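The chain contents come next:
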Amino acid sequence: MFVKEVTVQNQVGLHARPATFFIQKANEYKSSIWVEKDERRVNAKSLLGVLSLGIVGGTSIKIIADGSDEETSVESLVKLVDSGFAE
């Protein structure tokens, strides 16, 4: 299991469009991937799950993966979040 914490950079957070990019990226990997905010953990490959967390700009989240490509998947998703989803 590999875990990394990241702060959401873009102003509006993970609303529909950035969440879609996040989920598409998560689905490129074989590992099970979760997003955790305030002790709530959801499947990072689920749009409704990610949106249900209500992640706004400045929020710290944990990206957790377990599987054969866990480190690569977490690093890739952290990089995407750090980029601000090009918004």
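The numbers attached to residues start from 1 for each chain and follow its sequence in the written order. This being a predicted model, a pLDDT of at least 70 is required before a residue's local features are given, and a value of 80 or more before pairs of side-chain atoms are given or counted; all residues contribute to the totals for chains, interfaces and linings. Hydrogens and water molecules were not included; the side-chain quantities draw on all heavy atoms of the structure.

**Structural notes on the overall build of the chain**
Link 1 in the chain: The way it works is that DSSP assigns letters per residue, a run of H or I at least four long becomes a helix, a run of E at least two long becomes a strand, and they are numbered from the N terminus. Across its full length, the chain holds three helices and four strands.
Link 2 in the chain: In sequence order, the chain lays out its α and β elements as β-α-β-β-α-β-α.
Link 3 in the chain: Here the globule rule reads 2.2 Å times residues to the power 0.38, and the radius of gyration is calculated from C-alpha atoms. Scaling as 2.2 N^0.38, a compact globule of 87 residues should have a C-alpha radius of gyration of about 12 Å, and the chain matches this with 11 Å.
Link 4 in the chain: Counting only C-alpha atoms and orienting by the principal axes, one finds that the chain spans roughly 35 × 25 × 20 Å.

**Section: the pattern of salt bridges**
Link 1 in the chain: Salt bridge, as applied in this entry: a Lys or Arg side-chain nitrogen positioned within 4 Å of an Asp or Glu carboxyl oxygen. Across all of its chains, the model carries three salt bridges by this definition.
Link 2 in the chain: Of the charged contacts, one joins glutamate 75 and lysine 4 as a salt bridge, the two residues approaching to 3.0 Å between their closest N and O atoms. Here lysine 4 lies in strand 1 (residues 2–7) and glutamate 75 lies in helix 3 (residues 70–82), a separation of 71 residues in the sequence.
Link 3 in the chain: Residue exposure (1.4 Å probe, protein chains only): buried if accessible area is under 20% of the type maximum, exposed if over 50%, otherwise partly exposed. Its relative accessible area of 33% is what places glutamate 75 among the partly exposed residues.
Link 4 in the chain: The class of lysine 4 is partly exposed, set by a relative accessible area of 31%.

**Here we look at the sheet that holds strand 4 (residues 60–66)**
Link 1 in the chain: Pairing within the open sheet is antiparallel, and its four strands lie in the order 1-4-2-3. Strands at the two margins of the open sheet, each flanked by one partner only, are strand 1 and strand 3 (40–43). Strand after strand, the sheet turns through a mean of 25° between neighbouring axes, direction not considered.
Link 2 in the chain: With six bridges joining them, strand 1 and strand 4 adopt antiparallel strand pairing. Note on strand 4: the bridge partner recorded for lysine 4 is isoleucine 63.
Link 3 in the chain: What makes two residues a contact is simply this: any of their non-hydrogen atoms within 4.5 Å. An axis is simply a line fitted to the C-alpha atoms; with a helix, the fit covers only the stretch in contact. Between two such axes, the angle follows the N-to-C directions and lies from 0 to 180 degrees. Lying on the sheet, helix 3 is in contact with strand 1, strand 2 (32–37) and strand 4; it crosses strand 1 at an angle near 5°. When DSSP finds at least two bridges between two strands, those strands are taken to pair.

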